[in-house]
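Residues per chain, in single letters:
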Amino acid sequence: EYECIVIGGGIGGCAVAFALSKQFNNVLLIERDWKEPDRIVGELLQPGGVKALQELGLEDVLEGIDAIPVHGYVVVRNKTQQQVQLPYPFIDNMPKEGRSFHHGKLIMKLREAAASQKNVICLEATVNQLIIDSAETVTGAIVSSKGIEKKIKAPLTIVTDGCFSKFRKIFTKTTPKLKSHFAGLLIDPQLRLVLNDVVLPIPNHGNVILANPSPILLYQIGTHDTRILVDIPGKLPSQTTSAMKDYMNEFVCPQLPKQVQSSFLTAIETQTLRIMPNSWLPPTRQNVRGAILLGDALNMRHPLTGGGMTVALWDVVWLVRLLQGVNVREDPSLVGKVMKRHFIERRNVAIVVNMLAMMLYSLFSAGD
């Protein structure tokens, strides 16, 4: 039996396990696979996310991963190559700065930080189900590890199992929505490539190309690597035929800055395109006793503005603050009060990020 179970060893899970280890005697962090992930999400951390890491005492995880300083965005019109630079603001005479990086490298640093805490126990296991008692209170989880199924009990369970959450349905009836049109909450697939040694229109910025029919995003994730995300609305061209490659070569490539096109064509021929659905999931109040949903499992928005990690980390900051001094063993009912307060406190960050993400995506997809 533990004081707290954290399900998911990603951004939010590692951060909350690390932070709660300062006030809980034992925190169990469960992750299905502890190997370095290779995913096309969570690669650009906005200044607000950097600040959240500092609040949690985790700023060192950005060191030693070849992270690139990000000073803002630049919007490029594909036809005329006109540029509008959108720098991050100065606050207290200091420039705000984000970071971009390979997702897997950041995850491994966060996992190392969590595992370094004496009150954190890391377990590689698959969580099969949450244990819910007759009073409809979550009291732990049933997991499988190395072929053995076991019950693990805790007065507090934190679910941070990401955008494809297995347990979201226990907390809310709202499901992620994937849109295929350019209205309102438009959510579209993205394609991933890595370009080597590319000179961007403006380095150390997120470069947004106002392409037809929707934006293309380029940003460095390492000294020699640049990520390109091509947003494709509607039905995807087939990857089993030449349709997808033809679309990239003949339709997308001519809309890219000249200095990027050669590397883009090379990447198309040498790499496998990977598809990531973008979903909109508005947050809902949680009424499940004994458990809290965090991060993408709770709330998602279009990733054009790179706000997902910032929202997840501030979710953790607010939760840790609200749990300060709370004895979850002696009075489990306090978890419900914390959960209600958390929903209110997180709105200050989440509402702004969510609205900007969806509105800017709609604006940049509006055509001429």
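Residues numbered from 1 in each chain as written. Predicted model: local features only at pLDDT ≥ 70, side-chain atom pairs only at ≥ 80, totals over all residues. Heavy atoms only, no water.

(A) Molecular detail of the overall build of the protein. The secondary structure content of the protein amounts to nine helices and 20 strands. A compact globule built from 368 residues would reach a C-alpha radius of gyration of about 21 Å, and the protein, at 21 Å, matches this within 12%. On the principal axes, the C-alpha backbone points of the protein span a range of 65 × 50 × 35 Å. Taking all 368 residues of the protein together, 55% fall into the buried category. Within the protein, counting contacts between residues at least 6 apart in sequence, those at least 24 apart form 70% of the total. Of the roughly 16700 Å² of accessible surface on the protein, a fraction of 53% belongs to carbon and sulfur atoms. (Helix = DSSP H or I, 4+ residues; strand = E, 2+ residues; numbered from the N terminus. Rg over C-alpha atoms; globule rule 2.2 N^0.38 Å. Buried < 20%, exposed > 50% of the residue type's maximum accessible area, 1.4 Å probe, protein only. Contact = heavy atoms within 4.5 Å. Areas by Shrake-Rupley, 256 points an atom, 1.4 Å probe, with all protein chains shown as cover.)

(B) Spotlight on the side chain of N26. Along the chain, the position of N26 falls in the loop between α1 (11-20) and β2 (27-31). Within the structure, N26 has its side chain in polar contact with the backbone nitrogen of E3 (distance 2.8 Å). (Polar contact = N/O pair within 3.5 Å; in protein donor to acceptor, adjacent residues only side chain to side chain.)

(C) Region of interest: the pattern of salt bridges. A complete count under the given rule lists eleven salt bridges for this structure. Note that D33 is salt-bridged to K35, the shortest N-O span being 3.2 Å. (Salt bridge = Lys/Arg side-chain N within 4 Å of Asp/Glu carboxyl O.)

(D) Structural context of the environment of R111. With respect to the helices, strands and loops of the structure, R111 is situated in helix α3 (residues 103-115). For R111, a relative accessible area of 8% gives the class buried. Leave out the neighbours within four places in its chain, and R111 touches G9, C14, E31, D33, W34, K35 and P37.

(E) The arrangement of the nonpolar core in detail. Among the nonpolar cores identified, the biggest contains 49 residues, and L20, L58, L106, L156, I158 and L323 are the most heavily contacted of them. Elements that contribute at least two residues to this core include exactly β1 (4-7), α1, β2, α2 (47-56), α3, β14 (156-159), α7 (308-323) and α8 (333-345). Broken down by element, the residue count for this core peaks at nine residues, all from α7. If near-sequence neighbours (up to four positions away) are discounted, L58 is found in contact with A15, F18, L53, L110 and A113. (Core = buried A, V, L, I, M, F, W, Y, C linked by side-chain atoms within 4.5 Å.)

(F) Just the packing of aromatic side chains, in detail. Using the criterion set out here, one finds one aromatic pair in the structure. We note K22 situated over the ring of F18; from NZ or CZ to the ring centre the distance is 4.5 Å. One residue, R321, lies across the ring of W318, its end atom 5.0 Å from the ring centre. (Phe/Tyr/Trp six-rings, centres within 6.5 Å; stacked < 30°, edge-to-face > 60°. Lys NZ or Arg CZ within 6 Å of the ring centre and 35° of its normal.)

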